[in-house]
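Coordinates in review
The primary structure of each chain is shown beneath.
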Amino acid sequence: MNNINCEKQADCKKQSEQSRKTGRIVLLRHGQTPWSVSGQHTGRTNIPLTDTGCEQAKAAGERLRKAFPNGFARVCVSPLRRAQQTAQLAGFHGETLDDMAEWDYGQAEGLTRQYVAEHLGEDDWVVWRQDPASLPETLTESLGSERDEVLPNGETVHIRAGRGESLEEIAARADNVIAEVKQNIEKGEDVLLVAHGHFLQILTAQWIGVEPSFAGSWLMNTAQFAILDYHNGRPVITKWNA
């Protein structure tokens, strides 16, 4: 009897998937990097995954294939190395969308919250309250706006601390990505986006129609995925950090 019930449930689920009128946007954050461990802001610096991050990416691919056995009609990936590595190790090959790059942290690039707060004379600094475009250039005077840093694995990465990007500017990029894949969603096709924590959090805020600053209220962990969908015609979040 249990086997019959299981078969019926599987058939119902399959029929439900086939009858979907709209597709879903699946968000996958890249795996662990040296700076996600150290807490340094990682925007446009082309940093690689750690060994742990590589294993996380492979495991994420297995979870996604189990959750989406029919695969994805379209896979879009940030141009940055850590996202590209994650997509490849997870077993997905797709197109690169420049608009999916992480937030440009400007003067805060490569720095921790504590460092920024100390040099601003504040108790704390949170990117959601004071975005990078408003940070003073004096923040990196002692370090240099262009500098190199050696990672724990011995690799050297180049850091460029520029003007930075406002919250409104990254939200506009997120809107561009949603518009780019909307035709797939409207045809009932699932789309996978492989990118970065803050960018994907902001894209989620844009999807459900709240202020982009609200995106700081939900955290996306490394190599975890989320699902954006519709319910009764309204954009919703149906899964987070899976």
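Look above for the structure.
Report follows, based on the coordinates. (Residues numbered from 1 in each chain as written. Predicted model: local features only at pLDDT ≥ 70, side-chain atom pairs only at ≥ 80, totals over all residues. Heavy atoms only, no water.)

1. Things to note about helix α6 (residues 167–186)
Counted only if it meets this: Helical segments are the DSSP runs of H or I of at least four residues, strand segments are the runs of E of at least two, and each set is numbered from the N terminus. Expected helix span is taken as 1.5 Å per residue step, with the number of steps being one fewer than the number of residues. A residue's bend is the angle separating two fitted axes: one through the seven residues that end there, the other through the seven that start there. To sort residues, take the accessible area from a 1.4 Å probe on protein chains only and compare it with the maximum for the residue type: under 20% means buried, over 50% means exposed, and anything in between is partly exposed. We call two residues contacting when some pair of their heavy atoms lies within 4.5 Å.
With 20 residues, α6 should cover 28 Å at 1.5 Å per step; its first-to-last C-alpha distance of 28 Å lies within 8% of that length. A maximum bend of about 35° is found in α6 at Glu 180. If you check which residues of α6 are buried, you get Leu 167, Ile 170, Ala 171, Arg 173, Ala 174, Val 177, Ile 178, Val 181, Asn 184 and Ile 185. Here the buried face of α6 lies against β1 (25–29), β2 (74–77), β6 (191–195), α7 (197–208) and β7 (225–231). Note on α6: the residue one or two positions beyond its end, Gly 188, has a positive phi of about 85°.

2. Quick look at the sheet that holds β7
Stated formally: Note on pairing: two strands pair once DSSP finds at least 2 bridges between them. Every axis corresponds to a line fitted to the C-alpha atoms, with the helix fit spanning only the stretch in contact, and the corresponding angles, defined between N-to-C directions, vary from 0 to 180 degrees.
The sheet built from six strands is open, its strands ordered β3-β2-β6-β1-β7-β8 with mixed pairing. Lying at the two open borders of the sheet, with one neighbouring strand each, are β3 (95–96) and β8 (234–239). Looking at chain direction, β2 and β6 are connected through four bridges and run parallel. Counterpart to Cys 76 in the pairing with β6 is Leu 193. Strands in contact with α7 are β1, β6, β7 and β8; relative to β1, the strand with the most contacts, it is inclined by about 160°.

3. Here's the deal with the pattern of salt bridges
Let me state the cut-off plainly: One side-chain nitrogen of Lys or Arg within 4 Å of one carboxyl oxygen of Asp or Glu is enough to make a salt bridge.
Here the structure, examined in full by the defined rule, presents ten salt bridges. When the shortest N-O distance is used, the salt bridge between Arg 113 and Asp 124 registers 2.4 Å. Residue Arg 113 is located in helix α5 (residues 113–120), and its partner Asp 124 is located in the loop between α5 and β4 (146–150); the two are separated by eleven residues in the primary sequence. Exposure remark for Asp 124: the relative accessible area of 33% places this residue in the partly exposed category. Residues joined in a network through salt bridges with shared partners are Arg 44, Glu 165 and Arg 173.

4. Description of the nonpolar core
Stated precisely, the cut-off is as follows: To qualify as a nonpolar core, a set must consist of buried Ala, Val, Leu, Ile, Met, Phe, Trp, Tyr and Cys residues joined through side-chain atoms within 4.5 Å.
Counting 38 residues, the largest nonpolar core has Leu 27, Leu 193, Phe 199, Ile 202 and Leu 203 as the members making the most contacts within it. For this core, the secondary structure elements donating two or more residues are β1, α5, α6, β6, α7 and β7. Here this core takes eight residues from α6, the largest share from any one element.

5. As for the pairing of strand β5 (residues 156–160)
Judged by which residues are buried, β5 turns out to be one-sided: Val 157 and Ile 159 face inward and are buried, whereas Thr 156, His 158 and Arg 160, on the alternate face, are not. Of the strand pairs in this sheet, β4 and β5 are connected by five bridges, and their pairing is antiparallel. Looking at β5, one finds that Val 150 is bridged to Thr 156. Where β4 folds back onto β5 in an antiparallel hairpin, the turn is made up of five residues, including Gly 154, whose phi is positive at roughly 95°.

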